[in-house]
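Topology and contacts: notes
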Amino acid sequence: MKKTGFWVLAAMVAMVFGLTSNAMAEEGVTDTEIHIGQWGPQTGPAAPWGSVARGTDAYFKMINAEGGIHGRKIVYHMFDDAYNPAKTMAGVKELQESIGIFAWACGVGTTPGLAVREYITSRKIPWVGPATGSSHWIDPPNRYLFAVYPLYYIEAKALVRYGVEKMGFKRVAIAYLNDDYGKNGLAAARKELTAHGMQLVAEVPVELKDQDMKPHVMKLRQAEADMVLLWVVPGHAVRIVGTSAAMQFAPQFMTVSTCSDFPLMMHISKGLFKGVIATTFGELPDSDLPLMQKYKKDAHEKFAAKGERWGLFYYAGILFVEPMVEGLKRAGRDLTREKFITAMESIKGFKGIGGEISYDIFNPNKGYESRGGMREVFMIQCLEGGQAKRMSDWTKIQYP
Amino acid sequence: MLDFLQMIVSGIAVGSTYALMGIAMVIVYKTSEVPNFAQGEMALISSFFAFMLLDQYGWPYHLAFPAALVFSILLGFFLEYSILRRAKEPNILGLIVITIGIEMILLGLVSWKFGADPKSMPFPISPWESFAIGEVFISRLEMLTLLVALIIMVVLFVFLRHSKLGVAMKATQQNNIAARIMGIRTHRIMMITWGISSFVGCVAGLLIAPATMQPYMMWDPLLKGFAAAVMGGMTSLPGAVVAAYLLGIIENLFGGYVSIEFKSAVAFAIIVLVLCIKPSGLFARHYVKKV
């Protein structure tokens, strides 16, 4: 009887400890798996940027093929939100509440990201590397949100500074998408020009559905701009450059990293993008950096779908999650979200295939420093055949 | 003054593509009273068919473009014969919903087959080279579009007014049953109508594609073409054409002098105004069926 009592007690203790252990296990983490989620438009007008999510997929597969992280494989849950915030919200909620995602990675688009920001961060779920450079990710900052993409704001400042100081342009104009993305560029251009005692000679808003760019180009031409910033989507950028050529208006066009996939831009502009200057945040596609070569060989060539191009936004899907993988490695085998956050905060001067990335202990008054991620960009110019000429070194820019 | 002239010329240039899409909408509406919302994607798939022949199979222009036009006609025949004609107890609303369904299917097919990245349509004329009349510019492609649109309008006008088939199409629209009693094979007329409409849409698509080629390229032209068709009264070909050019000019002037933000929205403000003030359209006589 005594012996039976001992075994009953032992079984109860085991059950209690077992339950406790289960109850304490972090959501989205098992002994062998870490569940990471991402949304990205695979259909709809923003689908060209959907390659980000596919790049991440190949990268995670490469990591798994190499043994995973501390003995765990990454289980990657990607869904198509068609750049529709309602679908983003529905997809995130469904995955979070059915599967249980440990952390969210990337996510294309400011508007889809804003739709789920509160949902993710209020549940203390980490989110690393939104695939847009909106200031919303760091202003106001959030403890659980780590930006990687350099802010559009600093890209615009860098371009204006380069154009005015190095190239001597006196009449700067901007064509901007009339949304948060475009207005980030507009605000930064105004600010940088004010610092140089100048102001924009024309501010031309472009609506996403606009196809005919002649009225826009006419406004730029009337203002006699010698440098035009293009803060629009790739299709608009091509049409503005093309329509300008048709109207014999030839300023120096400068554009944001979203339009810096030069092989693509040259192809769709039938060669007119030659000479355009852009900011960028990652190594060039033909870079001989060993890490780029490795990703191309071990991720893209092995795991990408047939016909998938090794373009900027494809490998940006790797670049945006490199810090996340670094954080997972630093957090150790005993993975919890709190340990992951602490590990991410310990990342300083991290260098993958993009600019230097640093975080710090969360400080609500220092969002850029503690959660800004990449604070540098460099300038490239489009050459014949979509090749890029490096125009500057990595340039650090302050925000705001 | 120079800017004003440029805006007028630009408005006329952009109005040509609206006109072609408007005509394509009107042709189907005239015979079936159904606005065909698949029109844009029918043009899209035909344009991508031409792209495939040129880019992947290396066909020359003089074979690829006619092949795409023939494809578009067959597509029109096929959609009418195999889908619309099969609708049980068809009513206008049901048929409209079917056209929206076709639109989604065709868009999905193009996205699946060709991917989402923008493409570069090979074309003998650069969309970005222009003629200058003084200091007023018009691109070569726009000039070609204008010419093609004018030729199609004249040919269609003559065809619909003076050919036997054209008169049969009109009869089918005005009274389907009476037309059938008079020996007109109305099903065949409907099929031909869809073929012609698809052909005109394909011409518009082929002329739009050199400047922008991606799966959503026909949304804006379709909406503007539809706006022009509504302005013109939905059944009037000259009405749709004049309205399309008016729309192009108004858009450009509005963008230049009033607000560039609302440039694209002005088309829809015009639709609302026309429907409120003159529902039969600016150029159509109100047709009332006698009971």
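Residues numbered from 1 in each chain as written. Chains lettered and ligands numbered in written order. Predicted model: local features only at pLDDT ≥ 70, side-chain atom pairs only at ≥ 80, totals over all residues.

**So, the overall build of chain B**
If you tally the helices and strands in chain B, you get eleven helices and two strands. Listing every helix and strand of chain B by position from the N terminus yields α-α-α-α-β-β-α-α-α-α-α-α-α. Over its C-alpha trace chain B gives a radius of gyration of 19 Å, about what one expects of a compact globule, namely 19 Å for 291 residues. Considering only C-alpha atoms, chain B reaches an extent of 60 × 50 × 35 Å along its principal axes. Nonlocal contacts in chain B, meaning residues at least 24 apart in sequence, comprise 75% of its contacts between residues at least 6 apart. (Helix = DSSP H or I, 4+ residues; strand = E, 2+ residues; numbered from the N terminus. Rg over C-alpha atoms; globule rule 2.2 N^0.38 Å. Contact = placed C-beta atoms within 7 Å.)

**Regarding the overall build of chain A**
The number of helices and strands found in chain A is 14 helices and 15 strands. In terms of overall size, chain A behaves like a compact globule, its C-alpha atoms giving a radius of gyration of 23 Å where 400 residues would be expected to give roughly 21 Å. Here chain A, with 400 residues, has 51% of them falling under the buried criterion. (Buried ≥ 20, exposed ≤ 12 C-beta atoms within 10 Å, placed from the backbone.)

**Remarks on the sheet that holds strand β3 (residues 103-105) of chain A**
Residue and element names in this part refer to chain A. With respect to topology, five strands assemble into an open sheet ordered β2-β1-β3-β4-β5, the strand pairing being parallel. Edge positions in the sheet fall to β2 (73-80) and β5 (145-146), since each has one partner strand and no second. One ladder, built from eight bridges, connects strand β1 (residues 33-40) with β2; its direction is parallel. Each bridged residue has a counterpart across the sheet, and for Ile34 the counterpart in β2 is Ile74. (Pairing = 2+ DSSP bridges.)

**Points about the confidence of the model for chain B**
All names here are of chain B. Of all residues in chain B, 97% have pLDDT values of 70 or greater, and the mean over the chain is 89. When the elements of chain B are averaged for pLDDT, helix α11 (residues 266-277) gives the smallest value, 84, and helix α2 (residues 39-56) the largest, 96. As a predicted assembly, this complex carries a pTM of 0.85 together with an ipTM value of 0.81. (pLDDT = per-residue confidence, 0-100.)

**Considering the interface of chain B and chain A**
Between chain B and chain A, the residue contacts involve 29 residues of the former and 32 residues of the latter. Within the residue set of the side of chain B that touches chain A, elements represented by two or more residues are α1 (2-32), β2 (136-139) and α10 (237-257) of chain B. Of all the elements, α1(B) adds the most residues to the side of chain B that touches chain A, at four residues. Per-class residue counts for the side of chain B that touches chain A are nine nonpolar, 13 polar and seven charged. (Nonpolar A, V, L, I, M, F, W, Y, C, P; charged D, E, K, R; others polar.)

**Side note on the pairing of strand β9 (residues 252-255) of chain A**
Within a regular strand, side chains alternate between the sheet's two faces. All names here are of chain A. Relative to β9, strand β8 (residues 227-231) runs parallel, the two sharing four bridges. By the bridge assignment for β9, Leu230 is matched with Thr255. Each parallel crossover has a hand, and for β8 linked through helix α8 (residues 234-246) to β9 it is right-handed. Here β9 pairs with strand β10 (residues 277-280) via two bridges, running parallel. Each bridged residue has a counterpart across the sheet, and for Thr255 the counterpart in β10 is Ala278. Traced from β9 through helix α9 (residues 262-268) to β10, the parallel crossover comes out right-handed. (Right-handed = clockwise from strand over helix to strand, strands pointing away.)

**Details of the domain arrangement of chain A**
Domain assignment breaks chain A into domain 1 (33-150 + 287-359) and domain 2 (152-280 + 380-396). For domain 1 of chain A and domain 2 of chain A, the distance between their C-alpha centroids amounts to 28 Å. (Domains from an automatic or database assignment.)

**So, the nonpolar core**
The biggest cluster of nonpolar side chains holds 208 residues, and the ones touching the most others in it are Ala103(A) and Ile23(B). When we break this core down by domain, the ones giving at least three residues each are domain 1 (33-150 + 287-359) and domain 2 (152-280 + 380-396) of chain A. Among residues more than four places away in sequence, those in contact with Ala103(A) are Ile36(A), Ile125(A), Pro126(A), Trp127(A), Val128(A), Met324(A) and Phe340(A). (Core = buried A, V, L, I, M, F, W, Y, C linked by C-beta atoms within 7 Å.)

**Things to note about the environment of Thr336(A)**
Residues and elements named next belong to chain A. As for its placement among the helices and strands, Thr336 is situated in the loop between α12 (322-331) and α13 (337-345). On the neighbour-count criterion, Thr336 (16 C-beta atoms within 10 Å) is partly exposed. Thr336 sits 308 residues away from Gly28 along the chain, and the two C-alpha atoms are 9.6 Å apart.

**Considering the pairing of β8(A)**
The buried fraction of β8(A) amounts to five of the five residues, a majority that puts the element mostly inside the structure. Along β8(A), one buried face is formed by Met227(A), Leu229(A) and Trp231(A) and the opposite face, lined by Val228(A) and Leu230(A), is buried too.

**Some words on helix α5 (residues 140-162) of chain B**
Residue and element names in this part refer to chain B. In this model α5 runs 33 Å from its N-terminal to its C-terminal C-alpha over 23 residues, within 8% of the 33 Å that 1.5 Å per residue would give. All buried positions along α5 are accounted for by Leu141, Glu142, Thr145, Leu146, Ala149 and Ile152. Close packing links the buried residues of α5 with α1, β2 and α8 (186-208). (Expected span 1.5 Å × (residues − 1).)

**Quick notes on unusual backbone geometry**
At the junction of Asp139(A) and Pro140(A), the peptide bond is cis and its omega measures out at 5° in the coordinates. Residue position: Pro140(A) is located in the loop between β4 (127-128) and β5. Residue Pro400(A) is bonded to the preceding Tyr399(A) through a cis peptide linkage, with omega at 0°. In this structure, Pro400(A) sits in the segment after β15 (395-396). You will see that Cys106(A), though not glycine, has its phi angle at about 50°, which is positive. Summarising the element assignment, Cys106(A) is placed in the loop between β3 and α4 (110-122). By C-beta crowding, Cys106(A) is classed as buried, having 30 other C-beta atoms within 10 Å. Residue Glu33(B) is not a glycine yet carries a positive backbone phi of 60°. The residue Glu33(B) is located in the loop between α1 and α2 in this model. You can call Glu33(B) partly exposed: it has 14 C-beta atoms within 10 Å.

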